[in-house]
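# What the coordinates show
Okay, here's what each chain looks like letter by letter:
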Amino acid sequence: MHTQGGRTVTGRAEMAAVGSVAGLAIWALAEHLPDVIDHPHVYLAVTSFVAGFFAVLMGLSGPYRVVRAALPALWLSALAALLVTWAGWRFDTLEAFAEAGHPIMAWGVFVTIGTPFAAALLRDHHSLRDYGHLFDVSWSILVRYSAGWLFAGLFWAVLFMSHALLEIVGLTIIEDILDIDGVPFVVTGFALGLGLSVVHEMREYLSPFLVLRLLRLLVPVVLAVVLIFVVAALSQDPSTLFGSLSRTAVLLFVGLAMICLVSISLDRGDADAVRSRWMRLCTAALALLLPVIAGLAIYALSLRVAQYGWTPARLAAAATAAIVALYALTYAVAVVLRGPWMARIRQANILVAVVVLLTAAAWQSPLLNAEQISSKSQVVRIESGNVPLPDMALYELAHDWGKPGRAGIAQLQDGAAQTDAALQAQVTKALSADSRWQFERGQADRRSETQAAEIHAHLTVLPQTAAVTEEMLEDWPSYRLREWSKSCVNSPDPGCVLLLDQFAPEQGAQQGVLFIPAENRKFDVFSVFVDGRDLVIGERLAPFGGKVVTVTEVRSILEGRYEVAPSSRRSLWIGDVELFPEF
């Protein structure tokens, strides 16, 4: 008969051994497996299987013995490895696969969401519908892993401190041991496994209960912020607020945070959920606001897709938005129907978790081939002839989107590029570029030429005999070209104005004043000077006396009602407005 202390020691030894083997396996996969397996997709399959197996096994072990947890860890990691390897066939090399990133994230989501269901099967098949059990398992795994990694970090800190202490007396035994190949990985795995075991033993003292109770306090705060945001957003033009993928990401992050807070507030059952009427009202209100956040995220993403087409990042955002929208719909319906709305949300969480699991699987299969969908979208846009060369995703097609991307760029070579010399040249540059920086440098040069041409076309130069060419503007900073080209094009009356004169005759070259339209019919004013074949931007000018330059003063210049006259030096006088260029 085994004593409680004996079982504790055995459990710790098992987990420490599993962690050590896991660390050794990860080291072997990274250092030696590439020498044994040449085929990249076989290597991907083995690596993802081993990493997934140990991640799931260590997550399940503790509540269950290692031997019992091994079987569900095997089938879950095998299925995940099969899916991620399937996704890997879109790419020729592991480097391209790793740089894409999103298939690895989908693999991680599949393993993470699948682990609580695997734990439920260890109990009995009825536990797959037991929300309370799934809730407890999910949060306990999160807490155990967090505490386990914290212990592993502290373990290493003690090792470093011990080495520093022994080094004082000339002993380097710890350093010598750690210098042995694979030992640091084994040590990390040992500490993690031991930490996971101890955390499980102390589950009555170190449980998710405290963390969840603290997170509940954020519900009224997040509700207030989201409510203010929604009111402000709906009172403004959404097309100007949300035309950015980064803002879509912020909205999705907020939506996911709201989902977590609602689930945390409802806990595993009504007996454990928030009890005060105020907190339940806040939780219900947060659930009802979720559809608004989801809708704004989808709208923001649709603006970006309509403008620039699909890319893997936008498809990932779309998949996330669809999941958030599904949560939002089920939560809102559950609250509106009243009655046992909290129980309905808990059951909806199980349903949506299964949908997330299936979506992660589909993402790695041909059903949701992000590279293929993106390539087709971008090729259609380019073939339409409505996409400027700088906005074409040619480098991505040639290098980032694997086999579907190369098929897309081959289609362009055989089609649209045959009749468009500029497109053919850009396709050739994209295929021959060794790096994105090299290709984008050429794109930036072309973009600068285009923007300089736009400014020049909308620039009124005085006197008319002054020779100012497009080439003289191309070396301006890219941010100035970008901003000023928009200002000059969007404000044609009176537009951008450049006045050249001999403000400093002793310097020989011409100097001048450049007027750029700004907000509220005002103008930003800059001194310029001609330096050979370049027009160099000098200081930003502010009229003396705190005045501003408006449309009225610029129109006076165009009508000839100005003078270049001396102050302490010669200045530009527009009525009683004096501008003194600095060079």
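Residues numbered from 1 in each chain as written. Predicted model: local features only at pLDDT ≥ 70, side-chain atom pairs only at ≥ 80, totals over all residues. Heavy atoms only, no water.

A count of helical and extended segments in the chain gives 23 helices and eight strands. By the compact-globule yardstick of 25 Å for 583 residues, the chain is too spread out, its C-alpha radius of gyration being 32 Å. Seen along its three principal axes, the alpha-carbon backbone of the chain occupies a region of about 105 × 65 × 65 Å. Pairs at least 24 residues apart make up 69% of the contacts formed inside the chain by residues separated by at least 6 positions. (Helix = DSSP H or I, 4+ residues; strand = E, 2+ residues; numbered from the N terminus. Rg over C-alpha atoms; globule rule 2.2 N^0.38 Å. Contact = heavy atoms within 4.5 Å.)

This paragraph deals with the packing of aromatic side chains. The final tally for this structure, using the stated rule, is eleven aromatic pairs. Ring geometry for F53 against F54: centres 5.3 Å apart, planes inclined by 70 degrees, an arrangement best described as edge-to-face. In terms of burial, F53 and F54 fall into one category: buried. Both rings, one in F91 and one in F97, keep their centres 6.1 Å apart while their planes meet at 75 degrees; by these two values the pair is edge-to-face. Per residue, the accessibility class of F91 equals that of F97, and both read buried. Here the aromatic cluster, defined as three or more aromatic residues joined through ring pairs, consists of F49, F53 and F54. (Phe/Tyr/Trp six-rings, centres within 6.5 Å; stacked < 30°, edge-to-face > 60°. Buried < 20%, exposed > 50% of the residue type's maximum accessible area, 1.4 Å probe, protein only.)

Before going further, it helps to examine unusual backbone geometry. Only a minority of non-glycine residues have a phi that is not negative, and only a minority of peptide bonds are not trans. Between L462 and the following residue, P463, the backbone shows a cis peptide bond with an omega angle of -5 degrees. One can find P463 in the loop between strand 1 (459-462) and helix 22 (478-490). The backbone phi angle of D267 is positive, close to 55 degrees, even though this residue is not glycine. Structurally, D267 is set in the loop between helix 13 (245-266) and helix 14 (277-308).

As a further point, take the state of the cysteines. Within the structure shown, the criterion is met by one disulfide. Here C488 pairs with C496 through a disulfide, and the sulfurs are 1.8 Å apart. Handedness of the C488-C496 disulfide follows from its S-S torsion of about -100 degrees: it is left-handed. As far as burial versus exposure is concerned, C488 and C496 are alike and both buried. For C260, which is in no disulfide, the shortest distance to another cysteine sulfur is to C282 and amounts to 18 Å. (Disulfide = S-S within 2.5 Å.)

Attention shifts here to the pairing of strand 5 (residues 534-541). When a strand is regular, its side chains alternate between the sheet's two faces. Examined bridge by bridge, strand 4 (residues 523-531) and strand 5 share six bridges and lie antiparallel to one another. Bridging across to strand 5, F526 finds its partner in R540. Connecting strand 4 to the antiparallel partner strand 5 that follows it, the hairpin turn spans two residues, and G532 within it adopts a positive phi of roughly 65 degrees. (Pairing = 2+ DSSP bridges.)

Turning our attention to the environment of F253. Secondary-structure assignment places F253 in helix 13. Sequence spacing of F253 and A321 is 68 residues, and the spatial spacing of their C-alpha atoms is 9.9 Å.

Glancing now at the environment of V551. Locating V551 in the fold gives a position in helix 23 (residues 551-558). A relative accessible area of 8% places V551 in the buried class. Sequence spacing of V551 and L301 is 250 residues, and the spatial spacing of their C-alpha atoms is 38 Å. Those residues in contact with V551 that sit more than four places away from it in its chain are P494, R521 and F523.

For the rest of this paragraph, the subject is the pairing of strand 2 (residues 496-501). With five of six residues buried, strand 2 lies mostly within the body of the structure. For strand 2 and strand 3 (residues 511-517), the ladder comprises five bridges, and the chain directions are antiparallel. Paired with D501 across the two strands is Q511, which belongs to strand 3.

Turning to the sheet that holds strand 1, a few remarks are in order. A sheet is described by the order of its strands in space; here five strands give the open sequence 1-2-3-4-5, paired in mixed fashion. Among the strands making up the open sheet, the edge pair consists of strand 1 and strand 5. Across the sheet, the mean angle from the axis of one strand to that of its neighbour is 25 degrees, orientation sign disregarded. Bridge count between strand 1 and strand 2: four bridges; the pairing is parallel. Within strand 2, the position partnered with V461 by the bridge is L498. Across the face of the sheet, helix 22 comes into contact with strand 2, strand 3, strand 4 and strand 5 while running at roughly 65 degrees to strand 3. (Axes fitted to C-alpha atoms, helices over the stretch in contact; angles between N-to-C directions.)

You can see H41 is positioned in helix 3 (residues 40-60). Ignoring any residue separated from it by four or fewer positions in sequence, one finds H41 in contact with T85, G88, W89 and F91.

It is worth spelling out the environment of Q510 at this point. Positionally, Q510 belongs in the loop between strand 2 and strand 3. In the structure, Q510 is positioned 334 residues away from D176 in sequence and 71 Å away in space, judged by C-alpha atoms. Excluding anything up to four places from it in sequence, Q510 contacts L500, D501, Q502, F529 and V530.

Our focus in this paragraph is the packing of helix 7 (residues 131-168) against helix 10 (residues 208-216). At a minimum axis distance of 10 Å, the contact between helix 7 and helix 10 shows a crossing angle of 100 degrees. Considering their axes alone, helix 7 and helix 10 lie roughly perpendicular with respect to each other. Of the residues in helix 10, those touching helix 7 at F135, W139, S140 and V143 are P208, L212 and L215. Residues that form the contact of helix 7 with helix 10 fall into these classes: six nonpolar, one polar and no charged. (Parallel < 35°, antiparallel > 145°, perpendicular 65-115°, else oblique. Nonpolar A, V, L, I, M, F, W, Y, C, P; charged D, E, K, R; others polar.)

To continue, consider the side chain of S48. Position of S48 among the secondary structure elements: in helix 3. A polar atom in the side chain of S48 sits 3.1 Å from the backbone oxygen of A45. With residues near it in sequence (within four places) discarded, S48 still touches A81, V84, T85 and W107. (Polar contact = N/O pair within 3.5 Å; in protein donor to acceptor, adjacent residues only side chain to side chain.)

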